[in-house]
Amino acid sequence: MHSFQRAGAVIAIGLIASTMTVVSAEAHTTGIHDNCTNFNKRFPHGVGTRHAHDVTSGTPVTNFKRSRRIYWRAERHNSDLDRDNDRIACERA
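All figures in this text were calculated on a predicted structure; none of them were measured in a lab.

1. Some details on unusual backbone geometry
Although it is not a glycine, N85 adopts a positive phi angle of roughly 55°. Structurally, N85 can be placed in the loop between α3 (68-77) and β3 (88-89).

2. Some details on the state of the cysteines
In total, this model carries 1 disulfide according to the counting rule given. With its sulfur 2.1 Å from that of its partner, C36 forms a disulfide with C90. Taking the sign of the S-S torsion, -80° for the link of C36 and C90, the bridge is left-handed. Note that C36 is positioned in helix α2 (residues 36-42) and C90 in the segment after β3, a separation of 54 residues in sequence. The class for C36 is partly exposed, based on a relative accessible area of 28%. Residue C90 is classed as buried on the basis of its relative accessible area, which comes to 4%.

3. Examining the side chain of N78
Tracing the chain through its elements places N78 in the loop between α3 and β3. Of note is the side chain of N78, whose polar atom sits 3.1 Å from the backbone oxygen of D34. At 3.0 Å, the side chain of N78 and the backbone nitrogen of D80 are in polar contact. Once you skip the residues sitting within four places of it in the chain, N78 turns out to touch H33, D34 and N35.

4. Structural notes on the confidence of the model for the chain
Averaged over all residues, the pLDDT of the chain equals 80, while 68% of them reach at least 70. Counting interchain partners and residues more than four positions distant, the pLDDT-below-50 stretch residues 17-25 has 0 contacts.

5. Description of the sheet that holds β3
Strand-to-strand pairing in sheets goes through backbone hydrogen bonds, with the strands running parallel or antiparallel. Read across the open sheet, the 3 strands follow the order β2-β1-β3; overall the sheet is mixed. In the strand order of this sheet, the two ends are held by β2 (65-66) and β3, each with one partner. Of the pairings in the sheet, the one linking strand β1 (residues 47-48) to β3 comprises 2 bridges and is antiparallel in character. Paired with G48 across the bridge in β3 is I88.

Reading the values: rules and limits
- Residues numbered from 1 in each chain as written.
- Predicted model: local features only at pLDDT ≥ 70, side-chain atom pairs only at ≥ 80, totals over all residues.
- Heavy atoms only, no water.
- Helix = DSSP H or I, 4+ residues; strand = E, 2+ residues; numbered from the N terminus.
- Disulfide = S-S within 2.5 Å.
- Buried < 20%, exposed > 50% of the residue type's maximum accessible area, 1.4 Å probe, protein only.
- Polar contact = N/O pair within 3.5 Å; in protein donor to acceptor, adjacent residues only side chain to side chain.
- Contact = heavy atoms within 4.5 Å.
- pLDDT = per-residue confidence, 0-100.
- Pairing = 2+ DSSP bridges.

Right under this line is the structure:
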């Protein structure tokens, strides 16, 4: 194989690999779990596990939806939704 053929093969493989990466990343996007803005459209005060307590220096949020199933589904899709690790995703007063 000549060097220009090898270079072409490397470029083709790189293009295929980068295309596959983009497609697979987009396939896992669900919309609601992308960020807290989207999540709060459906759950205005956030979602937490049954016995969760808001960790804050101000007034704690207590009116979030309590659902273990919804919380863990959100956490699996995007762990940034609960940055303070208090088991409440996207809590908001």
